Amino acid sequence: MNWGVFEGLLSGVNKYSTAFGRIWLSLVFIFRVLVYVVAAERVWSDDHKDFDCNTRQPGCSNVCFDHFFPVSHIRLWALQLILVTCPSLLVIMHVAYREAREQKHREAAGENCHRLYPNPGKKRGGLWWTYLLSLVFKAAVDVVFLYIFHRFYKNYTLPGVVKCEIPPCPNIVDCFISRPTEKNIFTLFMVVTACLCILLSVVEACYLVGKRCQESLLSRSKRKRRETRQFRSIVHNKDCSLSHSEQDSFEPGGQVFHAADCKLVMAPNTASSQIGEDVLS
C-alpha cells in the first residue's frame with residue numbers, strides 16, 4: 001500500500017468534510033481500516049485450515065465449511081470498506097472538476113474575469129447534492145452489509161461446534177471452528193463501529209439539510225425586509241412629491257393654501273338667535 005497516496009486522499013476528504021464528516025473519517029480509518037489490516041486479517045487467515053470435522057471422509061470438511069461460511073468475514077469487510085470510502089472520493093473528484101473548470105475559464109477570459117466558483121470547495125449547487133448523496137450511500141452500504149452479516153451469521157456470533165450432515169459426509173459430524181471467541185469479539189467490534197458510522201452519516205445528512213433550510217428561510221426573510229424597505233421608500237418619495245406640489249399652489253392673496261388648513265366655519269343663524277332672545281325676554 002502506498003501510504004503517501006493514501007494520506008493525500010485522507011487530507012482531501014478531511015478538507016471538504018464537515019465536523020461530523022471528520023469524526024466519521026477518523027472512526028473509519030482508526031477503528032475499521034487499521035483494525036482490519038493489523039488484527040482482523042490475521043485472525044481469519046487460518047479459518048479454513050483449522051476447520052476440523054471428526055471424520056476422514058474426503059470432501060466432507062470442505063462442503064461443511066462452504067455451508068457455514070459462504071463468504072468469509074474478512075472478504076466481506078474488505079468489500080464493505082471499499083464501498084463505504086468510495087463516495088468520499090467522488091466528492092474530491094467533484095471539487096477537482098470544479099477547480100479545473102475554473103482554471104480553464106480564467107485562461108480563456110483572463111484573470112480579472114467573473115469567477116464561475118468563488119470557492120470550489122464550498123458545498124453549494126451540485127457539490128451539495130454530491131455530498132448529501134454520498135452520505136446516503138455510505139449509510140445504505142453499512143446497513144446492507146449488516147443485514148448480510150446477520151443473514152449469514154445469526155446474531156453476528158460464531159458457535160464453537162457446528163453439526164453437518166451434508167453429503168458426502170456419511171452421517172451427522174461435528175465440525176470445530178478455530179478461535180470462535182476471538183472472532184466473535186472482532187465481529188461485534190466491527191458491527192458496533194459500523195452502527196456508529198451509520199449514525200454519524202444520518203446526523204451529518206440532517207445537519208446539511210437543516211442548515212440549507214435555515215439559510216433559505218434567512219434569505220427569504222431578508223428579501224421580504226428589502227422589499228418592504230423599497231416599498232416604504234417609494235411611498236415616502238411620493239409623499240415628498242405631493243408636498244412639493246402643494247407648496248407651489250398659492251391663493252390669490254399670496255397665502256399658501258393647504259387642504260389641512262381648511263376649517264369648516266358655521267355661519268350664525270340670525271333668525272333662530274332672534275327667536276331665542278324673544279323667548280328669554
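The shown structure was predicted, so the numbers you read here are calculated from the model rather than taken from an experiment. Along each chain, residues carry numbers from 1 onward, in the same order as the chain's sequence is written. Given that the model is predicted, a residue must reach a pLDDT of at least 70 before its local features are reported, and side-chain atom pairs must reach 80 or more before they are shown or counted; all residues, however, enter totals for whole chains, interfaces and linings. Hydrogens and waters are ignored; side-chain quantities use all the structure's heavy atoms.

Peer 1: Describe in detail the pattern of salt bridges, supporting the description with residues and values.
Peer 2: We define a salt bridge as a contact between a side-chain nitrogen of Lys or Arg and a carboxyl oxygen of Asp or Glu at a distance within 4 Å. According to the stated counting rule, one finds three salt bridges in the structure shown. Note that Asp174 and Lys163 form a salt bridge whose closest N and O atoms lie 2.9 Å from each other. Within this pair, whereas Asp174 is found in strand S3 (residues 173-176), its partner Lys163 is found in strand S2 (residues 161-164), the two being separated by eleven residues in sequence. Secondary structure counts use DSSP, requiring at least four H or I residues in a row for a helix and at least two E residues in a row for a strand, with both numbered from the N terminus.

Peer 1: An account of helix H3 (residues 60-68) is requested, with residue identities and associated values reported.
Peer 2: Accessibility here uses a 1.4 Å probe with only protein chains present; expressed as a share of the type maximum, an area under 20% marks a residue as buried, one over 50% as exposed, and anything in between as partly exposed. The complete set of buried residues in H3 reads Cys60, Cys64 and Phe65. Down the axis of H3, the sector holding all buried residues measures 125 degrees, keeping them to one side. Contacts made by the buried residues of H3 are with strand S1 (52-53), S2 and S3. Here the arc refers to the directions that run from the helix axis out to each C-beta atom. Note on contacts: a residue pair qualifies if any of its non-hydrogen atoms lie within 4.5 Å across the two residues.

Peer 1: I'd like to hear about the state of the cysteines, residue by residue, with values.
Peer 2: Working definition: a disulfide is two cysteine sulfur atoms within 2.5 Å of each other. Inspection of every chain in the model, using the stated rule, returns three disulfides. Between the sulfur atoms of Cys60 and its disulfide partner Cys169 the distance amounts to 1.8 Å. Here the S-S torsion is close to 95 degrees, and the disulfide linking Cys60 with Cys169 is therefore right-handed. Of this pair, Cys60 sits in helix H3 while Cys169 is found in the loop between S2 and S3, placing the two residues 109 residues apart along the sequence. With relative accessibility at 0%, the residue Cys60 sits in the buried group. Given the relative accessible area of 10%, Cys169 is considered buried. Residue pairing for Cys64: its cysteine sulfur links by disulfide to Cys164, the two sulfurs lying 2.0 Å apart. On the S-S bond that ties Cys64 to Cys164, the torsion sits near -85 degrees, and the link is left-handed. Placement of Cys64 in helix H3 and of Cys164 in strand S2 is noted, with a sequence separation of 100 residues between them.

These values are about where atoms sit, not about what they do.
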